[in-house]
Amino acid sequence: MRTVGVQKTQACFVFDLHRGLPLRPAPLRVRSRRDPLDLYFETEIGGEVRDLADRALLPAVETLANGLDQGFACALAVSGTLVDLLDRHAPDALAALARLARHPRVEVLATPYHHGLSALLPDTEEFLLDMERHRARMEAVFGVVPAVFAPPELCVTRAIAEALPRTGCTALLTEPRWCLPRDLDPTLVYRFGPSRVLLRHCRLSDDLAQRFFSPEWDRYPLSAGTYADWLARTPGECVLIGLDLDLFGDGGALLAFFDALPGALDDAGVVATTPSGVLAAHPAEWPGPDREVGWTVPDEGESWFETILQHSAASALQRAGAWLPDREVWRHLSSTDHFRAMAMRTGGCGQRQSMVGHQATVEAFGRFMRALSALEERMASRVRSRKAAVTLRTLPPELAFVFSRDGHPAGYAAHSLAECIEQLTFAADDVVAGHIDRQDFSRWCRDVLMDGVLAERVIQCRNRNELQETMQERIEELERRRRSPSSAGSPSTP
Amino acid sequence: MRVGGLAPAATELAECLAQRGHEVHYFTRAAPGTEGDTALIEGVRYHFCRPEGTNIVDFCRSMSEQMVGAFRAADDPPFDVLHFHDWHAVEALHQLQDRVTVFSYHSTEYGRNGGNFGDWWEFREISGKEWYGGYISTLVMTVSHHTRTEVMWLYNVPEWKVTVVPNGVRPERFRKVVDPGAVKRRYGIHPLAPLVLFVGRLTYQKGPDLLIEAIPLVLKKRWDVQFIMAGTGQMEAELREKARGLPVQFPGYISNDAHLDLLNAADIVVIPSRNEPFGLVLTEAWSAGRCVVATDVGGLSENIDPFVDGIRVPVQPESIAWGINYVIDDPKTIRELGRAGQRKVYARFDWDLVTDAALDVYRRARALKARQGT
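Numbering of residues starts from 1 in each chain and follows the order in which that chain's sequence is written. Labels follow written order: the first chain is A, the first ligand is 1, and so on. Restriction of local features to residues with pLDDT of at least 70 applies here, the model being predicted, together with a cutoff of 80 or more for giving and counting side-chain atom pairs; totals for whole chains, interfaces and linings are based on all residues. Side-chain numbers come from the whole structure's heavy atoms, not from hydrogens or water.

Draft legend 1. Local environment of the overall build of chain A. Secondary structure assignment for chain A yields 20 helices and 13 strands. A radius of gyration in this sense is built from C-alpha atoms; the matching globule rule multiplies 2.2 Å by the number of residues raised to 0.38. The C-alpha radius of gyration computed for chain A amounts to 24 Å, which stays within 12% of the reference 23 Å derived for 494 residues, consistent with globular compactness. Overall size of chain A, expressed as C-alpha extent along the three principal axes, is 80 × 45 × 45 Å. The proportion of buried residues among the 494 residues of chain A is 59%. Pairs of residues are marked as contacts when any of their non-hydrogen atoms sit within 4.5 Å. Considering only contacts in chain A between residues 6 or more positions apart, those separated by 24 or more positions represent 74%. To measure how exposed things are, a 1.4 Å probe is used in the Shrake-Rupley method; for residues, cover is taken only from the protein chains shown. Accessible area for chain A stands at about 19600 Å²; split by element, carbon and sulfur atoms hold 51% of it. A positive count includes Lys and Arg, and a negative count includes Asp and Glu. His and the chain ends are not counted in either. Taken as the charge centre is NZ of Lys, CZ of Arg, CG of Asp or CD of Glu, depending on the residue. On chain A, the mean spot of the 55 positive side-chain charges and the mean spot of the 67 negative ones are 4 Å from each other. Only DSSP runs of H or I reaching four residues or more are called helices, and only runs of E reaching two or more are called strands; each is numbered from the N terminus. Buried, partly exposed and exposed residues are distinguished by accessible area as a fraction of the type maximum, computed with a 1.4 Å probe on protein chains only: under 20%, between the cut-offs, and over 50%, respectively.

What follows is the structure, encoded as structure tokens:
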């Protein structure tokens, strides 16, 4: 179906490429001079990276490169972690990716170096630092300077959107669910302050990321021609399709689809372009003031985290980020794949739908908390009061305070003193009373948090308010003691 | 919390009719504490009676007599149509059977007994009245096709006589913007823990025991799921005993506000009924945009499109657990099913549509009576 005399639909395909370091089941506890990352992460993953390159990356690059010759265009958001891994274990794949990235119809996007959720960041300085590192890496490897920001999961907080101009980016990609009002038309160009905003079209993205692979879908198997036709019929200024590049590893069907797509787009009268191409097609003063967006995502990023485990891990990570004198390991812990693994199903769009059992999510959570706990313990010796840092640290699940009623878990557990205060705000009366009667809080403070002073104070508490106040006071005391002379300024960088 | 489908359905139908300019008189039992014999509420003229009796059957006989008395006093100019709801007023229907009458089955005694026959005298007495109501009234209304078939089978009501008029709902009354996390906190539940809600009488018909038996099977898959079973009933003590050690709360009777909060904060609403003529809980949950897991019975079976706007499962604990497990870890599907249900409520159960259907039955009843008279 060729649309003649009508403005052609612009379609923009954005691929997200990331692979984080997998966590060890339990961190190594050796005092050696080895790379600290090695203590927490499986760093010898050459085989897996090679497999990723051979199974998904190289075939995808080849298919996309062929498409480019036929007028296709796309954008790549490549995390710094992945570039490092490829550089080390599959240099040929990195070279192929670099050739693709240098093509004039390919745009390289800015993204945090470690693919961390911006909602997790303790401060915007950390964000700027991570972006700067990424920009330098992209320039070195691909020879381009990104100008459009594609955050992991396309989830942006207001604070990050406000800081964006300082990174040199002029536009950002996100999803309607993070914006206000919530029912924005994803096919239009919006604005936030000086930055312009493009939105992912979730339904059309999921058609490729999830339904494409599902034989139960009534449109299965989806052909490139049908899809191009859907794009052509979508009114608006552009359709942004965001996909994980991992999807190409799921057999050859998607490769064949993208092989046929450039021709099909051409037949349907759809122009493939890049985010910058979309913005260039609309003059700089476009859009007007009525297209200003707001953000629903608070800085805690609660809405991204849908499970208790994710929430617990994210708050622990945020608290650790606020004091750790060296954040290098912390940055790798902020990678989104750790958090994805804590949900039984991924809810995001443009991602492969993965289903795992509850046990797997609990294991992923356990690995994460053990690593964070060990990291905080190790760093404790680098601040003024080691004891204070140990008491305030994150605890692995086996040391957590499990709230319970009649010996049955009530459904939540505190993995730090701060989380205990938070959970005391909603714990049921009989649960709290039971623990007070058995002096559980006091024993936990003494034996697990190693704080005899707090244990003595907690034993006097008769209700939840007293408990919370006592614990909060102690946290403030300990935080003052923990503050190391060197961490007064910005945290040290690697 | 209101209990049962009859009272709100009849009240709201009356209000809708009044809004359209009809004169509506509503004869009912006075709620405890009500003063006076009549009242005008939302355009509907209420006539209260104060029946007495040592058992439910005598009580309803006394109520019917008082209703007829109040009716005769108000019958000038004469009423065009008399609409009787359920067996309680069948004796009044008997005395007024020469008029244009419509008899509504909101449920049957057989159904309330969980789809079983009983051999005690109340069961026989009430079933007899239900048969007689369907026999002498001009036309009959049921709330679902399922109940229609049931009364045709149980009471030999001829097919031509029965019309299905579903219960309506006012979706805006059940929608409330709440912070689910905050509501869960109030019940001592982690703000991100998935919450499964049951609302209804804790009686055999509503199957709360089936849900409790399903809980361990849900926890096997995911241990952070929490359950709230709101409502009271004769099974409460037994259920509490059964649920010892499980993450279940029984808040008992809850206020309208608390009901709204819970309904809008829950992730899944489960309706494990053994028999459900219509299932107002379903349209209420849908109004709030909730994902519903319900048993494949009666009105629930009729109104839920499986996997489109809810999950429908056989009446057994294993299946109820399967239904909950199917959606519990998938927030996206939960939202989609809830939204689809909400759309259906607006398209099918809006009071405007239901009032049209009821008026149509009234018109046919009048025409029929007129033909019979000539």
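Draft legend 2. Region of interest: the domain arrangement of chain A. Entries for chain A in the domain assignment read domain 1 (9-295) and domain 2 (388-482). An automatic or database domain assignment is the source of the domain bounds shown. Each of domain 1 of chain A and domain 2 of chain A was reduced to a C-alpha centroid, and the two centroids are 42 Å apart.

Draft legend 3. Highlighting the pattern of salt bridges. Residues and elements named next belong to chain A. Salt-bridge detection follows one rule: a side-chain nitrogen of Lys or Arg within 4 Å of a carboxyl oxygen of Asp or Glu. With the rule as written, the count across this model stands at 64 salt bridges over all chains. Arg-340 is paired through a salt bridge with Asp-244; the nearest N and O atoms lie 3.1 Å apart. Remark: Asp-244 occurs in strand E9 (residues 239-244) and Arg-340 occurs in helix H13 (residues 336-340); sequence separation between them is 96 residues. The exposure class of Asp-244 is buried, given its relative accessible area of 11%. Connected through shared salt-bridge partners, Asp-123, Glu-126, Arg-133, Arg-327, Glu-328 and Arg-331 make up one network.

Draft legend 4. Structural detail: the packing of aromatic side chains. Pairing of aromatic side chains here covers Phe, Tyr and the six-membered ring of Trp, requires ring centres within 6.5 Å, and sorts the geometry by plane angle: under 30 degrees stacked, over 60 edge-to-face, intermediate tilted. Inspection of the entire model under this criterion finds 37 aromatic pairs over all chains. Members of the aromatic cluster, connected to one another through ring pairs, are A:Phe13, A:Phe15, A:Phe72, A:Phe212, A:Phe213, A:Trp217, A:Tyr227, A:Trp230, A:Phe248, A:Phe257 and A:Phe258. Counted as over-ring charges are cases with an Arg CZ or a Lys NZ within 6 Å of the ring centre that also lie within 35 degrees of the ring normal. We note A:Arg327 situated over the ring of A:Trp330; from NZ or CZ to the ring centre the distance is 5.8 Å. Above the plane of the ring of B:Tyr204 lies B:Arg274, whose end atom (NZ or CZ) is 3.8 Å from the centre.

Draft legend 5. Spotlight on the side chain of A:Gln310. Residue and element names in this part refer to chain A. Following the sequence through the fold, Gln-310 ends up in helix H11 (residues 308-321). Of the residues examined, Gln-310 reaches a relative accessible area of 4% and is grouped as buried. Polar contact is the term for a pair of N or O atoms within 3.5 Å; when the atoms are in protein, one must be able to donate a hydrogen and the other to accept it, and sequence-neighboring residues count only if both atoms are side-chain atoms. At a separation of 2.9 Å, a polar atom in the side chain of Gln-310 contacts the main-chain carbonyl oxygen of Phe-339. When neighbours within four sequence positions are excluded, Gln-310 is seen to be in contact with Trp-304, Phe-305, Phe-339, Arg-340, Met-342 and Ala-343.

Draft legend 6. Up close: the environment of A:Asn463. Residue and element names in this part refer to chain A. Within the secondary structure, Asn-463 sits in the loop between helix H19 (452-458) and helix H20 (464-482). Judged by relative accessible area, which is 31%, Asn-463 ranks as partly exposed. It is 10.0 Å that separates the C-alpha atoms of Asn-463 and Leu-424, two residues lying 39 residues apart in sequence. One polar contact links the side chain of Asn-463 to the main-chain amide nitrogen of Glu-466, over a distance of 2.9 Å.

Draft legend 7. Structural view of the confidence of the model for chain A. Residue and element names in this part refer to chain A. A score from 0 to 100, pLDDT tells how confident the predictor is in each residue. This prediction gives chain A a mean pLDDT of 88; 93% of its residues lie at or above 70. This stretch, residues 1-5, has a pLDDT under 50; its non-local contacts, to residues over four places away or in other chains, come to 11 contacts. Here residues 486-494 scores under 50 on pLDDT; set against residues more than four positions off or in separate chains, the count is 10 contacts.

Draft legend 8. Seen up close, the sheet that holds strand E5 (residues 101-105) of chain B. Residues and elements named next belong to chain B. With respect to topology, 4 strands assemble into an open sheet ordered E4-E5-E6-E7, the strand pairing being parallel. The open sheet has two edge strands with one neighbour each: strand E4 (82-85) and strand E7 (162-164). Between one strand axis and the next, the sheet turns by 25° as a mean value, whatever way the strands run. Packed on one face of the sheet, helix H5 (residues 121-136) meets E5 and strand E6 (139-142) and runs near 145° to E5. Lying over the sheet, helix H16 (residues 351-373) contacts E4, E5, E6 and E7, oriented at roughly 165° with respect to E6. Paired strands, as defined in this entry, are two strands with at least two bridges between them according to DSSP. Axis lines are fitted to C-alpha atoms, over the contacting stretch for helices. Their N-to-C directions set the angle, which ranges from 0 to 180 degrees.

Draft legend 9. Highlighting the interface of chain A and chain B. On the side of chain B, 19 residues touch chain A, which itself brings 23 residues to the contact. Together, the buried faces of chain A and chain B total about 2100 Å²; carbon and sulfur atoms form 53% of this surface. Put simply, buried area is how much 1.4 Å-probe accessible surface two parts lose in total, over both of them, once they are put together. Area buried by chain A at its contact with chain B is led by A:Arg345, A:His358 and A:Phe426, which between them contribute 30% of it. Taken together, the links from chain A to chain B amount to 1 salt bridge.

Draft legend 10. How the structure looks around unusual backbone geometry. At the junction of A:Tyr220 and A:Pro221, the peptide bond is cis and its omega measures out at -5° in the coordinates. Within the fold, A:Pro221 resides in the loop between helix H7 (202-209) and helix H8 (224-233). Between B:Asp76 and B:Pro77 the backbone carries a cis peptide bond, its omega angle lying at -5°. Within the secondary structure, B:Pro77 is located in the loop between helix H2 (56-74) and E4. For A:Glu153, which is not glycine, the phi dihedral falls at a positive 60°. Relative to the assigned elements, A:Glu153 resides in the loop between strand E4 (148-149) and helix H6 (158-163). Residue A:Glu153 is classed as buried on the basis of its relative accessible area, which comes to 7%. In this model, A:Leu154 sits at a positive phi of 50°, which is unusual for a non-glycine residue. Take A:Leu154: it is sitting in the loop between E4 and H6.

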